[in-house]
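# Reading the structure
Now for the letters of each chain:
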Amino acid sequence: MSGRRFLSIGECMVELSQAGDGLLRKGFAGDTFNTAWYARACLGPDWSVDYFTALGDDAMSDEMVAFIDKAGIGTSLIRRVRGRTPGLYMISLKNGERSFSYWRDSSAARSLAADPDRLREAVESADLVYFSGITLAILPQEDATTLLAEIRRAKAAGKLVVFDPNIRPRLWSSYDVMHTTISEGARSSVLVMPSFDDEAAHFGDDSIEATIHRYRALGAANVVVKNGADGVRLNFAGDETFVPAETVETVVDTTSAGDSFNGAFLARYLETQDAPAAARFAASVAARVVSEHGALVAKEKLGLSGR
């Protein structure tokens, strides 16, 4: 395997979903892990994909590591913390609408940046570093500062640093902390991949152009703004392109729409350096993902079996 490495940093959680007759189905998912999953599905064998997080020393953590490894995603960088466990969330359905309940306050992933040397080793080993607003939100402030310092070192070293703000206000202690830390995440990145509905709701952007301008003003050279069924607007070094979303006959589950787009986009962009083509490819992958149940759709159902 070559030395080219895609590193995704964040939290993978235990997922419980309704299985009928009062039973629950167990799975594993989380925004940055989902993106790593789709990047692995779409990248060729000359790229490795690794996940950096912290897990416990319990049986569920062992099972999660085995699941990640089976997906072809590297686990050697995962930090194991004695006495801790993974976070958990449950999906509830009512009249076809999904709602989520979370148990993550004592998640092992909250300490993923608590070992600065291990974090630096992981980041230095990567060619692309991907993280999100959720990655930052779950960390104690001191550890978020540590992570951002390593991310800035990676950017200065010429690595492709990619950030999805993925704004979740309930994870933050205040709006001020959220705004400041997400802005620092963007400032530390080369490419920012926000969702416009989040930016409009929580930063007050009245247009996609305003979102692009704000993130470029913070120092991100490139911005890809996802806008659901209304497509994607790209600004790479000042050149703007619009890519429409693919028409989906029946939307089944939008849980991983943005995460799958990000993973597919980055995979194709790494191989071609053609951002509009990468966005068109990612739109096709995301369309297949929202047509299936669950956050993680098998590679075979993405039409990628020949990859």
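Reading the values: the criteria
- Residues numbered from 1 in each chain as written.
- Predicted model: local features only at pLDDT ≥ 70, side-chain atom pairs only at ≥ 80, totals over all residues.
- Heavy atoms only, no water.
- Salt bridge = Lys/Arg side-chain N within 4 Å of Asp/Glu carboxyl O.
- Helix = DSSP H or I, 4+ residues; strand = E, 2+ residues; numbered from the N terminus.
- Buried < 20%, exposed > 50% of the residue type's maximum accessible area, 1.4 Å probe, protein only.
- Pairing = 2+ DSSP bridges.
- Arc of directions from axis to C-beta.
- Contact = heavy atoms within 4.5 Å.
- Polar contact = N/O pair within 3.5 Å; in protein donor to acceptor, adjacent residues only side chain to side chain.
- Right-handed = clockwise from strand over helix to strand, strands pointing away.
- Axes fitted to C-alpha atoms, helices over the stretch in contact; angles between N-to-C directions.
- Left-handed = near helix turned anticlockwise from the far one by under 90°.
- Nonpolar A, V, L, I, M, F, W, Y, C, P; charged D, E, K, R; others polar.
- Core = buried A, V, L, I, M, F, W, Y, C linked by side-chain atoms within 4.5 Å.
- Phe/Tyr/Trp six-rings, centres within 6.5 Å; stacked < 30°, edge-to-face > 60°.
- Lys NZ or Arg CZ within 6 Å of the ring centre and 35° of its normal.

## Looking at the pattern of salt bridges
Per the stated rule, a full pass over the model turns up 15 salt bridges. We note a salt bridge from E199 to R214, for which the minimum N-O separation is 2.6 Å. On the criterion of sequence distance, the pair formed by E199 in helix α7 (residues 196-203) and R214 in helix α8 (residues 208-217) is long-range, its members being 15 residues apart. The exposure class assigned to R214 is buried, which follows from its relative accessible area of 18%.

## Side note on the environment of T272
Here T272 shows up in helix α9 (residues 257-272). Judged by relative accessible area, T272 falls into the partly exposed class, the value being 40%. Through-space distance from the C-alpha of T272 to that of P86 is 36 Å; in sequence the pair is 186 residues apart.

## Focus on the pairing of strand β4 (residues 47-52)
It is a general feature of regular strands that their side chains alternate between the two faces of the sheet. Where burial is concerned, most of β4 is hidden: six out of the six residues are buried. Here β4 shows two buried faces, one formed by W47, V49 and Y51 and the other by S48, D50 and F52. Looking at chain direction, strand β1 (residues 4-9) and β4 are connected through six bridges and run parallel. By the bridge assignment, F6 is partnered in β4 with V49.

## Some details on unusual backbone geometry
Even without glycine at this site, A237 takes up a positive phi of about 55°. Along the polypeptide, A237 turns up in the loop between β13 (232-236) and β14 (239-243). The phi angle at Q273 is positive, at roughly 60°, despite the residue not being glycine. With respect to the helices, strands and loops of the structure, Q273 is situated in the loop between α9 and α10 (275-289).

## A closer look at α7
Considered for burial, the residues of α7 that qualify are F196, D198, E199 and H202. The buried residues of α7 occupy one face: seen down the axis, they fall within an arc of 155°. Exposed side chains of α7 directed beyond 90 degrees from the buried face belong to D197 and A201. In this fold, the buried residues of α7 make contact with α6 (175-187), α8 and β12 (222-226).

## A short note on the sheet that holds β4
Pairing is mixed across the open sheet formed by eight strands, whose spatial order is β4-β1-β9-β10-β11-β12-β13-β14. At either end of the open sheet lies a strand with only one pairing partner, and these are β4 and β14. Where β1 meets strand β9 (residues 128-132), three bridges bridge the pair, whose relative direction is parallel. Paired with L7 across the two strands is V129, which belongs to β9.

## Focus on the side chain of D31
Secondary-structure assignment places D31 in helix α1 (residues 31-42). A polar atom in the side chain of D31 sits 2.7 Å from the side chain of S132. Side chain to side chain, D31 and N166 meet in a polar contact 2.9 Å long.

## Structural notes on the pairing of strand β10 (residues 160-164)
Of all five residues in β10, five are buried, a share of seventy percent or more. Alternating positions in β10 separate into two faces, L160, V162 and D164 on one and V161 and F163 on the other, with burial throughout. Pairing between β10 and strand β11 (residues 191-192): two bridges, direction parallel. In the strand pairing of β11, F163 is matched with V192. For the segment spanning β10, α6 and β11, crossover handedness is right-handed.

## Quick notes on the packing of α9 against α10
Two elements in contact, α9 and α10, have axes whose closest approach is 8 Å; the angle formed by their N-to-C orientations is 145°. The handedness of the crossing between α9 and α10 comes out as right-handed. Where α9 approaches α10, its residues A257, S260, F261, A264, F265, R268 and Y269 are matched on the opposing element by A275, A278, A279, F281, A282, A283, V285, A286 and V289. Split by residue class, the contact of α9 with α10 holds 14 nonpolar, one polar and one charged.

## Focus: the nonpolar core
Counting residues in hydrophobic clusters, the biggest one holds 57 residues, and the most contacted among them are F6, L191, V224, L234, F261, F265 and L266. Top element by residues in this core is α10. It accounts for eight residues. Residues F52, L119, W172 and A186 belong to the second largest nonpolar core, which totals 41 residues.

## Remarks on the packing of aromatic side chains
Tallied over the full model, the rule gives 13 aromatic pairs. We note R214 situated over the ring of F203; from NZ or CZ to the ring centre the distance is 4.0 Å. Above the plane of the ring of F281 lies R268, whose end atom (NZ or CZ) is 3.8 Å from the centre.

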